[in-house]
Amino acid sequence: MIEVKNLTKIYGQHHAVDGISFKVEEGEILGFLGPNGAGKTTTMNILTGYISATSGEVLINGIDVLDRPEEAKRNIGYLPEFPPLYMDMTVSEYLDFVSKIKNISDVERHEAIEAVMAVTRIEDMKNRLVGNLSKGYKQRVGLAQAILGTPKVLILDEPTVGLDPKQIIEIRNLIKNLGKKHTVILSSHILSEVSAVCDRVVIINKGSIVASDTPDNLSKQLQGANKLQIRVAAPEKQAMRIVRDIPGITNVQYQAEKEKGTSDIIVESAEDVDIRKIVFNGMAKANCPLLIMRPLELSLEDIFLKVTHLDKEV
């Protein structure tokens, strides 16, 4: 659905984007991440046809954004970080204005506007001035204009910036539902948000892609081992002896006694071993109750910091 091939953007001597390539499949929600100055916004501006690339290609539904810009843009719904809203219009007037820009026919216009207001849950606001809406509702109106005309691709830049926790959850659920009918690229600095919503992430730094995979796979690749935090019903010396005797365990680290008569321990195994099974079977064989078993995985925040930090050291 979206294909980026060897995309480069040069300003003078500065390579803002340096030969990046990636694909987004139909129906996928992709998180596009990067620190400030990484080239993320430049890439998104090229994807939407707002600026041109120095070299490389961007195909939207097989259409080259540079060669056939109008046709490509018909397939794109875009929500920039600051939605292009007209504060002195009502919600209905604004969406009617946008529908005319998108060349939605008179016959389909009313039904299309009603449909996007229902999806974004702004029907009750349709006669309110946009300027009088809360930040959350303004974001919803911005999303409504993006999905008006049912574009195949949605590009959302910081859709939850400035929202309170309740509004963030509402917009997150809305984006998840949009992913059922649209291919979505989501850019956000709220990494927990990306982790909760996206199927896959691409992380860019200094104009180059430094990581691309699902958050779970990136966690496994960067951590380099399987880790569990366990709590066993035994004092430290007994618990450590039992755990060290389990075949397949490569590293053991005692943490603390958080409940009387128990031990919290971190255990590791090789990547190709299901550590849960060997720990469960080992504790059962030793007749030692296993009270807690929790996988320790890198969060998306950990992954982001690790890959951008490693890139800086290269």
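Everything below is about the structure shown above.
So, a few notes on the structure that sits alongside this text. The structure displayed is predicted, hence computed values, not measured ones.

A short note on the overall build of the protein
Summing up its helical and strand segments, the protein has eleven helices and 14 strands in all. On C-alpha atoms alone, the protein measures out to a radius of gyration of 25 Å, which is more than a quarter above the 20 Å that the 2.2 N^0.38 rule sets for 314 residues. Summarising its shape, the C-alpha atoms of the protein cover approximately 75 × 50 × 30 Å along the three principal directions. Within the protein, the fraction of its 314 residues that count as buried is 46%. Long-range pairs, those at least 24 residues apart, make up 69% of the contacts in the protein between residues at least 6 apart in sequence. Surface summary for the protein: the accessible area is close to 16,100 Å², and the carbon and sulfur share equals 49%. If you average the places of the 38 positive and of the 42 negative side-chain charges in the protein, the two averages end up 4 Å apart.

Regarding the sheet that holds strand β8 (residues 183-187)
Across the sheet, which stays open at both edges, the six strands sit in the order β6-β7-β8-β3-β9-β10 with mixed pairing between neighbours. Two strands lie at the open edges of the sheet, namely β6 (76-79) and β10 (208-213), each paired on one side alone. Between one strand axis and the next, the sheet turns by 15 degrees as a mean value, whatever way the strands run.

Section: the sheet that holds strand β13 (residues 263-269)
The strand order β12-β13-β11-β14 describes an open sheet built from four strands, whose pairing is antiparallel. Unpaired on one side and paired on the other, β12 (249-256) and β14 (290-295) mark the two borders of the sheet. On average, adjacent strands in this sheet sit at an angle of 25 degrees to one another, irrespective of strand direction.

Quick look at the nonpolar core
Grouped burial of nonpolar side chains is what soluble globular proteins tend to show. Grouped together as the largest cluster of nonpolar side chains are 45 residues, with contacts concentrated most on Leu 33, Val 91, Leu 95 and Leu 156. Aside from chain neighbours lying at most four places away, what touches Leu 156 is Met 44, Leu 79, Leu 143, Ile 175, Val 184, Ile 185, Leu 186 and Ser 187.

Remarks on unusual backbone geometry
The residue Thr 150 is not glycine, and still its phi comes out positive at about 50 degrees. Counting through the fold element by element, Thr 150 comes out in the loop between α5 (135-147) and β7 (153-157). Residue classification places Thr 150 among the exposed residues on the basis of a relative accessible area of 60%. Backbone geometry at Glu 158 places phi at a positive 50 degrees, although glycine is not the residue there. When you line up the elements, Glu 158 lands in the loop between β7 and α6 (165-178). Judged by relative accessible area, which is 5%, Glu 158 ranks as buried.

Rules of the game
Residues numbered from 1 in each chain as written. Predicted model: local features only at pLDDT ≥ 70, side-chain atom pairs only at ≥ 80, totals over all residues. Heavy atoms only, no water. Helix = DSSP H or I, 4+ residues; strand = E, 2+ residues; numbered from the N terminus. Rg over C-alpha atoms; globule rule 2.2 N^0.38 Å. Buried < 20%, exposed > 50% of the residue type's maximum accessible area, 1.4 Å probe, protein only. Contact = heavy atoms within 4.5 Å. Areas by Shrake-Rupley, 256 points an atom, 1.4 Å probe, with all protein chains shown as cover. Lys, Arg positive; Asp, Glu negative; His and termini not counted. Charge placed at Lys NZ, Arg CZ, Asp CG, Glu CD. Pairing = 2+ DSSP bridges. Axes fitted to C-alpha atoms, helices over the stretch in contact; angles between N-to-C directions. Core = buried A, V, L, I, M, F, W, Y, C linked by side-chain atoms within 4.5 Å.

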